[in-house]
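Remarks on the overall topology
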Amino acid sequence: LGDVYKRQVDAEITEWASQWNVYEWDVVNETLSNTLLQEILGYNQMAEWFNLAETNKVNPDADLFINEFQIVSAQFEPNDNVYEARRDTYFERIDRVIADNGPITGIGFQSRFKYGHIPPETVYARLEEYGARYPNLKLAGTEFEIKDEYDNAGNVVVAYGETLRAQMTAVSYTHLRAHET
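**Here's the deal with the sheet that holds strand 1 (residues 24-29)**
Across the sheet, four strands lie side by side as 1-2-3-4; this open sheet has parallel pairing. Each edge of the open sheet is held by one strand with a lone partner, namely strand 1 and strand 4 (138-146). Here the strands of the sheet are splayed against their neighbours by 35° on average, with no regard to which way each runs. Packing against the sheet, helix 4 (residues 82-99) makes contact with strand 2 (63-69) and strand 3 (106-113), and its axis sits at approximately 155° to strand 2. This element, helix 5 (residues 120-133), spans strand 3 and strand 4 of the sheet and lies at about 165° to strand 3.

**Some words on the packing of aromatic side chains**
Evaluated as defined, the whole model comprises seven aromatic pairs. Taking 4.9 Å as the distance between ring centres and 55° as the angle between the ring planes, the aromatic pair formed by F91 and Y130 counts as tilted. One end of the pair, F91, is in helix 4; the other, Y130, is in helix 5, and 39 residues separate them in sequence. Y130 shares its class with F91; the two are buried. Taking NZ or CZ as reference, R86 lies 4.6 Å from the ring centre of F69, over its face. Note that R126 overlies the ring of Y83, its terminal NZ or CZ placed 4.2 Å from the centroid.

Parameters and conventions
Residues numbered from 1 in each chain as written. Predicted model: local features only at pLDDT ≥ 70, side-chain atom pairs only at ≥ 80, totals over all residues. Heavy atoms only, no water. Pairing = 2+ DSSP bridges. Helix = DSSP H or I, 4+ residues; strand = E, 2+ residues; numbered from the N terminus. Axes fitted to C-alpha atoms, helices over the stretch in contact; angles between N-to-C directions. Contact = heavy atoms within 4.5 Å. Phe/Tyr/Trp six-rings, centres within 6.5 Å; stacked < 30°, edge-to-face > 60°. Buried < 20%, exposed > 50% of the residue type's maximum accessible area, 1.4 Å probe, protein only. Lys NZ or Arg CZ within 6 Å of the ring centre and 35° of its normal.

Below, the structure is given as structure tokens:
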């Protein structure tokens, strides 16, 4: 079964990379929660997927990214370890692609804020960690949104006013632009 999956995934990456003239592509997306293919095929396949994308991409200058959610926008509670646990696993995934010679050129951070206000200095410090650890990789914010959170009954649990949304948007873009390479 693994061989069937490998052929299918390889064929899809090859086809997709050769179809679109993009300037950056999330070759591997959400590796912290969507691990089924890696568990079946092996985590070394992530580097292989980057190599397939590199070999078949239309735009020779297109950057190849790994992308993940709830990293810079991970819940912020003093003394919890939600961010640290996600960060450490994301570091492992990125390090694995690099060690396996995957031509990764960037790290993506889905920037969906929905668990309350995260202090700007926290977002900046998180980006700084990645910039320091991976100075040769580009950093990019992806899928940006600031979303109210509702409970199962439809009641608002976290609400952002327009002023806070505007402030968070400005700060987030400023931080991300400051970390572009």
